Amino acid sequence: MRKGVMRPGHVQIRVMDVEEAVKHYRDLLGLIEVERDQAGRVYLKGWTEVDKFSVVLRPADNPGMDFMGFKVLDNQTLEQLQQALTEHGLEVEQIEAGELNGCGRRIRFQAPSGHLFELYAEKEQTGKWGLSNVNPEAWPQNLKGMKATRFDHCLLYGPNVQQTYELFRDVLGFSLAEQVIDPDGNKVAAFITASMKAHDVAFIDCPEPGKFHHASFFLETWEDVLRAADLISMTDTSLDIGPTRHGLTHGKTIYFFDPSGNRNEVFCGGDYHYPDHEPVTWTADELGKAIFYHDRVLNERFLSVLT
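A brief report on the enclosed structure follows. What you are looking at is a predicted structure, and each value in this text was computed from that prediction instead of being measured.

Strand order in the open sheet formed by nine strands is β14-β15-β16-β13-β9-β12-β11-β10-β17, and the pairing between neighbours is mixed. Since the sheet does not close on itself, it has two edges, and those belong to β14 (239-245) and β17 (280-283), each with one partner. Averaged over all pairs of adjacent strands, the angle between strand axes in this sheet comes to 15 degrees, irrespective of strand direction. When strand β10 (residues 175-181) meets strand β11 (residues 187-193), the two strands line up antiparallel, connected through six bridges. Within β11, the residue paired with Ile 181 across the bridge is Lys 187. Helix-sheet contacts for helix α3 (residues 161-170) involve β9 (150-158), β10, β11 and β12 (201-205), and the interaxial angle to β11 is about 20 degrees.

Its location among the elements puts Arg 41 in the loop between β2 (32-36) and β3 (42-45). On the basis of relative accessible area, Arg 41 is assigned to the buried category, the value being 8%. Among the polar contacts made by the side chain of Arg 41, one reaches the side chain of Asp 37 at a distance of 2.7 Å. Here the side chain of Arg 41 touches Glu 99 through a polar contact of 2.6 Å, landing on its backbone oxygen. Once residues within four sequence positions are removed from consideration, Arg 41 is found in contact with Gln 12, Glu 35, Arg 36, Val 56, Leu 57, Arg 58, Pro 59, Glu 99 and Leu 100.

Right, let's talk about the pairing of β2 for a bit. The sheet contact formed by β2 and β3 spans four bridges and is antiparallel. Paired with Arg 36 across the two strands is Val 42, which belongs to β3. Connecting the antiparallel pair β2 and β3 is a turn made up of five residues, with Gly 40 showing a positive phi of about 90 degrees.

Let's shift gears to the environment of Asp 51. On the secondary structure map, Asp 51 appears in the loop between β3 and β4 (55-59). For Asp 51, a relative accessible area of 6% puts it in the buried group. Setting aside anything within four residues of it in sequence, one finds Asp 51 in contact with Arg 7, Lys 45, Lys 71, Tyr 120, Lys 123, Glu 124, Gln 125 and Thr 126. Only 3.2 Å separates the side chain of Asp 51 from the side chain of Lys 71, close enough to count as a polar contact. A polar atom in the side chain of Asp 51 sits 3.1 Å from the side chain of Gln 125.

Moving on to a nonpolar patch on the surface. There is a patch of nonpolar side chains on the surface, built from Met 196, Tyr 272 and Tyr 274 and spanning about 340 Å² of accessible area. Along the polypeptide, Tyr 274 turns up in the loop between β16 (263-269) and β17. Judged by its relative accessible area of 37%, Tyr 274 is partly exposed.

In this section: the state of the cysteines. The tally for this structure, following the rule as stated, stands at zero disulfides. Of all cysteine sulfurs, the one in Cys 154 lies closest to Cys 206, which takes part in no disulfide; the gap is 16 Å. You can call Cys 206 buried: its relative accessible area is 11%.

That bond from Gly 242 to Pro 243 is cis: its omega, 5 degrees, falls within 30 degrees of zero. Following the sequence through the fold, Pro 243 ends up in strand β14. At Asn 135, a position not held by glycine, the phi torsion is positive, near 50 degrees. Take Asn 135: it is sitting in the loop between β8 (116-120) and β9. With a phi close to 55 degrees, Asp 236 is a non-glycine residue in the positive phi region. When its relative accessible area of 70% is taken as the criterion, Asp 236 is described as exposed.

The subject of this paragraph is helix α4 (residues 222-234). Spanning 13 residues, α4 covers 19 Å between terminal C-alpha atoms, matching the ideal 18 Å at 1.5 Å per step. The complete set of buried residues in α4 reads Val 225, Ala 228, Ala 229, Leu 231 and Ile 232. Viewed end-on, α4 has its buried residues packed into an arc of 165 degrees, placing them on one side of the element. Opposite the buried face of α4, by more than 90 degrees, sit the exposed residues Glu 223, Ser 233 and Met 234. Where the residues of α4 are buried, they touch α1 (18-28), β14, β15 (251-257) and β16.

Parameters at a glance
Residues numbered from 1 in each chain as written. Predicted model: local features only at pLDDT ≥ 70, side-chain atom pairs only at ≥ 80, totals over all residues. Heavy atoms only, no water. Pairing = 2+ DSSP bridges. Helix = DSSP H or I, 4+ residues; strand = E, 2+ residues; numbered from the N terminus. Axes fitted to C-alpha atoms, helices over the stretch in contact; angles between N-to-C directions. Contact = heavy atoms within 4.5 Å. Buried < 20%, exposed > 50% of the residue type's maximum accessible area, 1.4 Å probe, protein only. Polar contact = N/O pair within 3.5 Å; in protein donor to acceptor, adjacent residues only side chain to side chain. Patch = residues over 30% accessible without salt bridge, like charges linked within 9 Å, V, L, I, M, F, W, Y side chains within 5 Å. Areas by Shrake-Rupley, 256 points an atom, 1.4 Å probe, with all protein chains shown as cover. Salt bridge = Lys/Arg side-chain N within 4 Å of Asp/Glu carboxyl O. Disulfide = S-S within 2.5 Å. Expected span 1.5 Å × (residues − 1). Arc of directions from axis to C-beta.

Just geometry here; none of it tells us what the structure is for.
What follows is the structure, encoded as structure tokens:
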């Protein structure tokens, strides 16, 4: 049942050297630098995104994710979801409009996984970068690097995967698109969506709460993913794994690290999901193939390197 959450809206990522991070996210990934604020945060967006920003880089002493935000339909929906979260037993923090430049009032809560999430209804819309809404060209001609089109999702590690999934299902209206279960039938991974995408956020079981695995950005074609691999080598960027294909979601992917050690993914393709679709299930004994379909074995870094 849809409850008014539309899409992932933003992620705030901690970085230890802002200028090096900007070179990575702007010049290599190809995000557009929008502006900076008095706190030293840098706001960026993918070129197809209509909202003002989707990625915020915050200077910090340690890497990781501060929070992930989702945009909801309108302020009435925001009020309804705030009440529903409170009735679910969660503490809800109010964040005033303008605390993030161009973003309206936000409400923040902590999921059972230990991660902080936000909901908001209003953000300044600046349109697709370099394109008009009237007779637009196919793409801007001044894009950089991998030419990432949008911030797509996050993969997060923490405990209480089932309880976190139930929160997103029952309160926020997300659907379970894919899952990994152990021999006892317990969820060790949940890929959930508020849209038709394969996932808008995903959780993998981990004893330590609030861990950040990666932020993912969408590219248009497999050729773009291969070109991203070339750029990773050209810039001596730290590579995790790929290019390869996932079994989960069937996306074609490559993983790499920003200068602070935060993992990024760029990918293309992937499955789609409607609310009436049965979840796709992988068993834990096939986890290697589920994550890296070609190699069929797990890369140890993929499981252990978290921020």
